[in-house]
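Notes for the structure review
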Amino acid sequence: MKTRAAVAFEAKQPLEIVELDLEGPKEGEVLVEIMATGICHTDAYTLDGLDSEGIFPAVLGHEGAGIVRELGPGVTSVALDDHVIPLYTPECRQCKSCLSGKTNLCTSIRATQGKGVMPDGTSRFSYKGQKIYHYMGCSTFSNFVVMPEIALAKIRKDAPFDKACYIGCGVTTGVGAVTKTANVQVGDNVVVFGLGGIGLNVIQGARMVGADKIIGVDINPTKEAWGRKFGMTDFVNPTQLSTSVVEHLVALTDGGADFSFDCTGNVNVMRDALECCHRGWGTSVVIGVAEAGKEIATRPFQLVTGRNWRGSAFGGAKGRTDVPKIVDWYVDGKIEIDPMITHTMGLEDINKAFDLMHAGESIRSVVVF
Ligand code: NAD
Ligand code: AHE
Ligand code: ZN
């Protein structure tokens, strides 16, 4: 069949809207019509040539929502017309990682996902006979995609696609980092670096679990109002300080944060996020994805004296189990999504979403097919 898609033919070039050929689902696979997709900073990072796994030409996008249109042989967990969110972190419930109960990082198809192909090693997209690669096992910048059933979360049908798609990455990543990875408790002090599409969800997650101080840090002053909208109690702009940001935050939290979160992908910020944590117990969670080749550093003394450095992918959420619950939280009004979706556009305008993100003018842009 044919599918309309925004293709990244090369790094650092605008996406091109073209009609691709798409091969149908094989054993255990499903054809999904993508109804809406968000644009996450990780898509920009890959498009900008900063991803060590970046492959071109590819159909990017990993924050979508859609409808099951065709089932391959043997599919049992979803049915025609089900509403689904594609999962870049699948949940096979059979691999060592899934069975461990210790992680959401299902390993069953991670290797082929990283190579831009389906689990059988083939790509299903092509353009004029040329192979086009998949991305993060999702490729939601295409109107139709083929997904393994283990990488589909079935969601309720009353959740609007143009909002639910954000749960496919940003919402789950931010809220889950607080509730699952960090397990923030009532009364904890939290510092969030980077108040974009992820950081604001960390803030609303911290508000939801009853954190005490929720301090937002951003170099863009317009983010103060955004943070306050979702529960931030204090705002810090590092460019406006006369002391170091770490000293300032340690003073503001009476000795350091119980939890901090990096939502910038900047390795220097990651260091500040660790070092503003409380001596003896503070934990810093790295969410941001750093450019290929970048490394984090700190004095080992920071860890010797009880600070903890952790990371979180997809908020520690198990996709098929947790994503439908997060959709319930949204529909039941426990978390907000609508105000964070600042721009909605057609696929033909998808490059504007990247421009808005780079200019710091959007929180989330969503493409509706
Ligand atoms: P975004 O562009 O919407 O937001 C980034 C924010 O960081 C902006 O508000 C920007 O002003 C701020 N910022 C930049 N440099 C800063 C600095 N030096 N100090 C303080 N603030 C600074 O991006 P996003 O979509 O929110 O994504 C944030 C990061 O999270 C990216 O690195 C992305 O790749 C990553 N991410 C990780 C996961 C995961 O599962 N670990 C999931 C989604 C996104
Ligand atoms: N390809 C990058 C890694 C990128 C990365 O860490 N991705 C996150 C999700 S970002 C979503 O916006 C993730 O899930 N990581 C776990 C995994 O298995 O990729 C690189 O550095 O090579
Ligand atoms: Zn993302």
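Residues numbered from 1 in each chain as written. Chains lettered and ligands numbered in written order. Predicted model: local features only at pLDDT ≥ 70, side-chain atom pairs only at ≥ 80, totals over all residues.

Turning our attention to the environment of Gly101. Of note, Gly101 is situated in the loop between α2 (96–100) and α3 (110–114). Here Gly101 falls in the exposed class, since 7 other C-beta atoms lie within 10 Å of it. Sequence separation of Gly101 and Lys318 is 217 residues, and the distance between their C-alpha atoms is 10.0 Å. (Helix = DSSP H or I, 4+ residues; strand = E, 2+ residues; numbered from the N terminus. Buried ≥ 20, exposed ≤ 12 C-beta atoms within 10 Å, placed from the backbone.)

What follows deals with the pairing of strand β17 (residues 364–368). Among the 5 residues of β17, 4 are classified as buried, and the element is accordingly described as predominantly covered. Judged from the 4 bridges that link them, strand β3 (residues 29–39) and β17 form a sheet pairing that is antiparallel. Looking across to β17, one finds that Gly38 is bridged to Val366. In terms of strand pairing, strand β16 (residues 341–345) meets β17 through 4 bridges, oriented parallel. By the bridge assignment for β17, Met345 is matched with Val367. Read from β16 through helix α12 (residues 350–358) to β17, the crossover connection turns out right-handed. (Pairing = 2+ DSSP bridges. Right-handed = clockwise from strand over helix to strand, strands pointing away.)

Turning our eyes to something else, we now look at the site of ligand 1. Residues in close proximity to ligand 1 total 32 residues, the closest being His41, Gly194, Gly196, Ile198 and Gly265. Sort the elements by how many residues they give to the shell around ligand 1 and helix α1 (residues 41–47) lands first, with 3 residues. Along the lines of polarity and charge, the residues of the shell around ligand 1 split into 16 nonpolar, 14 polar and 2 charged. Residues from two domains meet in the shell around ligand 1; each of domain 1 (2–168 + 337–368) and domain 2 (174–314) gives at least three. (Near = placed C-beta within 6 Å. Nonpolar A, V, L, I, M, F, W, Y, C, P; charged D, E, K, R; others polar. Domains from an automatic or database assignment.)

The set of residues buried in α12 consists of Ile350, Ala353 and Met357. Considered in projection along α12, the buried side chains sweep an arc of 40 degrees and stay on one side of the axis. Where α12 is buried, its residues touch β1 (2–7), β3, α1, β16 and β17. Just past α12, the residue Gly360 takes up positive phi, approximately 70 degrees. (Arc of directions from axis to C-beta. Contact = placed C-beta atoms within 7 Å.)

Per the UniProt record, "domain: Enoyl reductase (ER)" (unreviewed entry) is found at residues 12–367. Between the first and last C-alpha atoms of residues 12–367 the distance is 20 Å; the span itself is 27% helix and 22% strand. (UniProt positions renumbered as here; feature names shortened; annotations may be inferred.)

Following Phe56, the chain continues to Pro57 via a peptide bond in cis, the omega torsion being -5 degrees. Tracing the sequence through the fold places Pro57 in the loop between α1 and β4 (64–71). Its identity is not glycine, yet Arg93 carries a phi of approximately 65 degrees, on the positive side. In this structure, Arg93 sits in the loop between β5 (83–86) and α2. You can call Arg93 partly exposed: it has 14 C-beta atoms within 10 Å. We note that Phe314 has phi near 50 degrees; this positive angle belongs to a residue other than glycine.

The 4 strands are arranged β1-β2-β6-β7 in an open sheet whose pairing can be described as antiparallel. Both edges of this open sheet fall to β1 and β7 (130–132), since each of them pairs with a single strand only. Sheet twist, expressed as the mean angle between neighbouring strand axes with direction ignored, is 50 degrees. Two elements, strand β2 (residues 16–22) and strand β6 (residues 125–127), share 2 bridges in a ladder whose sense is antiparallel. Note on β6: the bridge partner recorded for Asp21 is Ser126. (Axes fitted to C-alpha atoms, helices over the stretch in contact; angles between N-to-C directions.)

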